[in-house]
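Chain and residue survey
The primary structure of each chain is shown beneath.
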Amino acid sequence: MTTPRTYLFVPGNRPERFDKALASGADAVVLDLEDAVSPKDKERARGLVVRRLIDAPAEQSRLVVRINDESTPWFDDDVQMLQRTGALHVMLPKAERVATVLKLRSACPGIAVLALIESARGVLAAESLASTEGVHRLVFGTIDFALDLDLSGDPIGLDYAASRLTLTSRAAGLAPPVAGVTPEIDDDARLLADLARARAHGFGAKLCIHPKQVAAVHAALQPSAAELDWARRVIAAAEGTQGAVRVDGRMVDKPVRQRAHILLQRAAR
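Read on for an overview of the structure. (Residues numbered from 1 in each chain as written. Predicted model: local features only at pLDDT ≥ 70, side-chain atom pairs only at ≥ 80, totals over all residues. Heavy atoms only, no water.)

Quick look at the packing of aromatic side chains now. Enumeration according to the criterion identifies 2 aromatic pairs in this entry. Arranged with centres 5.3 Å apart and planes meeting at 65°, the rings of Phe140 and Phe145 form a pair that is edge-to-face. Using a relative accessible area of 3% as the deciding quantity, one classes Phe140 as buried. The class of Phe145 is buried, set by a relative accessible area of 5%. Ring pairing ties together the aromatic residues Phe140, Phe145 and Phe203, which thus form one cluster. The ring of Trp74 is capped by Lys42, whose NZ or CZ atom sits 5.0 Å from the centre of that ring. (Phe/Tyr/Trp six-rings, centres within 6.5 Å; stacked < 30°, edge-to-face > 60°. Buried < 20%, exposed > 50% of the residue type's maximum accessible area, 1.4 Å probe, protein only. Lys NZ or Arg CZ within 6 Å of the ring centre and 35° of its normal.)

Let's shift gears to the layout of surface pockets. Its boundaries defined by the atoms lining it, the largest pocket holds a volume of some 650 Å³. What lines the largest pocket is a set of 22 residues, and nearest its centre among them are Pro176, Arg199, Gly202, Gly204 and Arg266. Of all elements in the fold, only α8 (159–172), α9 (188–201) and α12 (254–267) reach the threshold of two or more residues within the lining of the largest pocket. Residues belonging to the lining of the largest pocket are distributed by class as follows: 8 nonpolar, 7 polar and 7 charged. (1 Å grid on protein atoms, 1.4 Å probe; cavity = no way out; pocket = protein on both sides within 12 Å on 5 of 7 lines; lining within 4 Å. Points joined across faces, edges and corners; volume = space filled by probe spheres on them. Helix = DSSP H or I, 4+ residues; strand = E, 2+ residues; numbered from the N terminus. Nonpolar A, V, L, I, M, F, W, Y, C, P; charged D, E, K, R; others polar.)

Every buried residue of helix α10 (residues 211–221) is accounted for by Gln213, Val214, Val217, His218 and Leu221. All buried residues of α10 project into a common sector of 130° when viewed along the axis, lining one side. Of the exposed residues in α10, the ones pointing more than 90 degrees away from its buried face are Ala215 and Ala219. As for α10, its buried residues are in contact with β1 (6–11), α9, β8 (205–208) and α12. (Arc of directions from axis to C-beta. Contact = heavy atoms within 4.5 Å.)

Next up on the list: the packing of α9 against α10. The N-to-C vectors of α9 and α10 enclose an angle of 40°; their axes lie 10 Å apart at closest approach. With respect to α10, the axis of α9 lies oblique. Both α9 and α10 take part in a crossing whose hand is right-handed. Packed against α9, whose contacting residues are Leu191, Leu192, Leu195 and Arg199, the element α10 presents Gln213, Ala216, Val217, Ala220 and Leu221 at the interface. Here the contact of α9 with α10 is composed, by residue class, of 7 nonpolar, 1 polar and 1 charged. (Axes fitted to C-alpha atoms, helices over the stretch in contact; angles between N-to-C directions. Parallel < 35°, antiparallel > 145°, perpendicular 65-115°, else oblique. Left-handed = near helix turned anticlockwise from the far one by under 90°.)

Turning our attention to the pattern of salt bridges. A complete count under the given rule lists 19 salt bridges for this structure. Across the salt bridge formed by Arg52 and Asp19, the nearest N and O atoms sit 2.4 Å from each other. With Arg52 in helix α2 (residues 42–55) and Asp19 in helix α1 (residues 18–22), this residue pair connects regions lying 33 residues apart in the sequence. Residue Arg52 is classed as buried on the basis of its relative accessible area, which comes to 16%. Residue classification places Asp19 among the partly exposed positions, given a relative accessible area of 46%. For Arg190, the salt bridge identified is with Glu184, shortest N-O distance 3.4 Å. (Salt bridge = Lys/Arg side-chain N within 4 Å of Asp/Glu carboxyl O.)

Read these as layout, nothing more, since geometry by itself doesn't imply function.
Below you can see the structure in the form of structure tokens.
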């Protein structure tokens, strides 16, 4: 699986939605055993997720299981489920301790861990988490983070943590982190504003809570026609040269050429 741009949540206790989620165009689908499932339904949801993972092994590359966090009574059973099914990807909520990742990886060697950062402790531990073997990506749980810090709701309150996660990911050689959800399902303007702010910090993907959000996120992550025209002209002008050239009255050197190539690669997805 190429590096996902979208991760679409689907409740683990709603198997009738699994196929719809996979058909939504989302790059990855998160079978959720945590927030989307009530305590009384945890065991049934786990059984439904087991059945899906075992019955459809060809889909595993696109499936991520969000388990319950380590402080809950369901964590150990969730880990055993991952071990039994050979799940390939897990989203670890309330990620704060390297020891938790090591415990998970000990039970499930080879599993790719998406560390969901949802607290002040998680942000401060991000560097250690990102450098731990098996952690493939950091994910910003913005709603729980805002609750942990009692933020006002102004998005500026997320900026420091967002920048820290992107810097940490880059330094650790991970893919750009994943931005949090936009709860307003029918508000495309809010969705795109949230994504634009995340992209300004260097995020490369977004959590989605409804299939209708997927296409909008993919479209927004694509370079514009003007950007692609600029990129092609930059590459054409720089062809056969090693030094700087001039495009649209501006100097084009190696970093600018690299940016042009990145835009064209992104457009090819």
